[in-house]
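Observations on the three-dimensional arrangement
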Amino acid sequence: LALGAGIHIHGANGTLIYRGGFELVSSDVRFGGLSGLIITRDGSTLVAISDRGWWYRSTIAYDQGGNLASINVAELLPIRSVDGQSVGAGDWSDAEALLRLPSGELVVAFERRHRLWRYSDIHSSARPTLAGSIFSDLPHNRGIEALVMLGEGRSLALAESGPSNSSLSGWILKGKKAEVLHYPYDGYFRPSDAVRIDDHRILILERGYTKARGVGVRLMLLDVRTVKAGAHLQPLTLIELGAPIPLDNFEGLAARTGPSGALLLYLLSDDNYSPRQRTLLLMFEFAEYQ
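Report on the accompanying structure. Fair warning: this is a prediction, and the values are worked out from it, not measured in the lab.

Assigned secondary structure in the protein consists of 0 helices and 21 strands. Taken over the C-alpha trace, the protein has a radius of gyration of 18 Å; the compact-globule value for 290 residues is 19 Å, and the two agree within 12%. The dimensions of the protein, computed from C-alpha atoms along their principal axes, are 45 × 40 × 40 Å. In the protein, buried positions account for 54% of the 290 residues. Expressed as a percentage of contacts within the protein between residues at least 6 apart in sequence, the contacts between residues at least 24 apart total 49%. Only carbon and sulfur atoms are counted for the fraction: they give 50% of the accessible area of the protein, which is about 12,800 Å².

Tallied over the entire structure, the rule returns 17 salt bridges. Here aspartate 28 and arginine 30 are joined by a salt bridge, their closest N and O atoms 2.7 Å apart. By relative accessible area, aspartate 28 is classed as partly exposed at 26%.

Our next topic: the pairing of strand 14 (residues 177-184). Inspection of the sheet shows strand 13 (residues 167-174) paired to strand 14 by 8 bridges, in the antiparallel sense. Residue pairing across strands places leucine 168 opposite tyrosine 183, the latter belonging to strand 14. Between strand 13 and strand 14, which pair antiparallel in sequence order, lie 2 residues; one of them, glycine 175, sits at a positive phi of approximately 60°.

What follows concerns the side chain of histidine 114. Locating histidine 114 in the fold gives a position in the loop between strand 8 (106-110) and strand 9 (115-119). Among the polar contacts listed, one links the side chain of histidine 114 to the backbone oxygen of leucine 138, at a separation of 3.2 Å.

With 7 of 10 residues buried, strand 16 (residues 201-210) is to be regarded as a mostly interior element. By the bridge criterion, 10 bridges tie strand 16 to strand 17 (residues 214-223) in an arrangement that is antiparallel. Bridging from a neighbouring strand, glutamate 206 pairs with arginine 218 of strand 17.

On the basis of which strands lie adjacent, the open sheet formed by 4 strands has the order 3-4-5-6 and antiparallel pairing. The sheet terminates laterally at strand 3 (34-39) and strand 6 (68-78), the two strands that pair on one side only. Taking the axes of each pair of neighbouring strands and ignoring which way they run, one obtains an average angle of 25° across the sheet. Looking at chain direction, strand 3 and strand 4 (residues 45-50) are connected through 4 bridges and run antiparallel. In the strand pairing of strand 4, serine 35 is matched with isoleucine 49.

Core analysis: the biggest nonpolar cluster contains 24 residues, and Ile9, Leu16, Leu203, Leu219, Leu267 and Phe284 have the highest contact counts within it. When residues of this core are traced back to their parent elements, those giving at least two are strand 2 (14-24), strand 16, strand 17, strand 18 (236-240), strand 19 (250-257), strand 20 (263-269) and strand 21 (279-288). Take this core: its biggest share by element is 4 residues, from strand 21. Sequence-distant contacts of isoleucine 9, that is, excluding residues within four places in its chain, are made with Gly14, Thr15, Leu16, Ile239, Leu241, Ile245 and Phe284.

Inspection of every chain in the model, using the stated rule, returns 7 aromatic pairs. Ring geometry for tryptophan 55 against tyrosine 119: centres 5.5 Å apart, planes inclined by 90°, an arrangement best described as edge-to-face. You can see tryptophan 55 sitting in strand 5 (residues 54-62) and its partner tyrosine 119 sitting in strand 9, a full 64 residues away along the chain. Residue class for tryptophan 55 comes out buried when judged on its relative accessible area of 0%. Taken together, the ring pairs connect Trp92, Phe110 and Trp117 into an aromatic cluster. Across from the ring centre of tryptophan 54, 4.9 Å away, lies the NZ or CZ of arginine 30, which sits over that ring. Taking the ring centre of tryptophan 117 as reference, the NZ or CZ of arginine 115 above it sits at 4.1 Å.

This brings us to the sheet that holds strand 19. What the 5 strands build is an open sheet, ordered 1-2-21-20-19; its pairing is antiparallel. The outermost strands of the open sheet, each flanked by one partner alone, are strand 1 (8-10) and strand 19. Across this sheet, the average inter-strand angle for adjacent strands is 30°, counted without regard to direction. Examined bridge by bridge, strand 1 and strand 2 share 3 bridges and lie antiparallel to one another. Pairing of histidine 8 across the sheet is with isoleucine 17, part of strand 2.

Residue placement: valine 25 occurs in the loop between strand 2 and strand 3. Judged by its relative accessible area of 64%, valine 25 falls in the exposed class. Sequence separation between valine 25 and tyrosine 273 is 248 residues, and the spatial gap between their C-alpha atoms is 11 Å.

How each quantity is defined
Residues numbered from 1 in each chain as written. Predicted model: local features only at pLDDT ≥ 70, side-chain atom pairs only at ≥ 80, totals over all residues. Heavy atoms only, no water. Helix = DSSP H or I, 4+ residues; strand = E, 2+ residues; numbered from the N terminus. Rg over C-alpha atoms; globule rule 2.2 N^0.38 Å. Buried < 20%, exposed > 50% of the residue type's maximum accessible area, 1.4 Å probe, protein only. Contact = heavy atoms within 4.5 Å. Areas by Shrake-Rupley, 256 points an atom, 1.4 Å probe, with all protein chains shown as cover. Salt bridge = Lys/Arg side-chain N within 4 Å of Asp/Glu carboxyl O. Pairing = 2+ DSSP bridges. Polar contact = N/O pair within 3.5 Å; in protein donor to acceptor, adjacent residues only side chain to side chain. Axes fitted to C-alpha atoms, helices over the stretch in contact; angles between N-to-C directions. Core = buried A, V, L, I, M, F, W, Y, C linked by side-chain atoms within 4.5 Å. Phe/Tyr/Trp six-rings, centres within 6.5 Å; stacked < 30°, edge-to-face > 60°. Lys NZ or Arg CZ within 6 Å of the ring centre and 35° of its normal.

What follows is the structure, encoded as structure tokens:
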């Protein structure tokens, strides 16, 4: 994307510095619909999941200034079911959220057929998680969109649907136990991914769309210490993205610490296999106000 590295986007609690981006394209009909995002600690490998049951993996290179320079190798691998077969391309394939556990294992949240499945790696067969059945009553296409670690074996799951016009559903998960909490909804923005950025904070990606308002994207900061059973969470707005940064249906968020100690953020958009949308990968440095 010919935007030029170094663009600064100022928000209430910090600044995002644009460090490069790409529009990803392919003639392979399997490519697209990417959600969830993992970047390895050294920044060399990207893993995402697709709406049609594929793992997407690519390698990343950077220039001497640490800016995003190239996507070098990309591959698509089938997401496997518990029987070792591909999940296929129907209601069982809609993978929406991706979490890497401290052990290195992966958890994928699917919607339509709502469930959480656990994987040793991207080549392995699925293992159902103990808490997965609690999501079975979610609306057909309004399931879990964000998964993030809380610590002490707990994770936070956030859905894009909820019990009221001002509240979306969330759960604190640990083993068979699932404790309900609430995430605020303003009628437009809904969570689409989340990542832990330090001991006390979670960064949440939100996207919005209406015909009247168009596409919106913002990043929210959430204090981990406020994530308790029954809580009505109150994340703070970090920044709302806009021109000159291109907006699309961003559903993937990842973070890592760069060589200089800076916090680097990656955003990935889901094109919904539509020619009217794009698959964008953007990288930013987060400069926090002191």
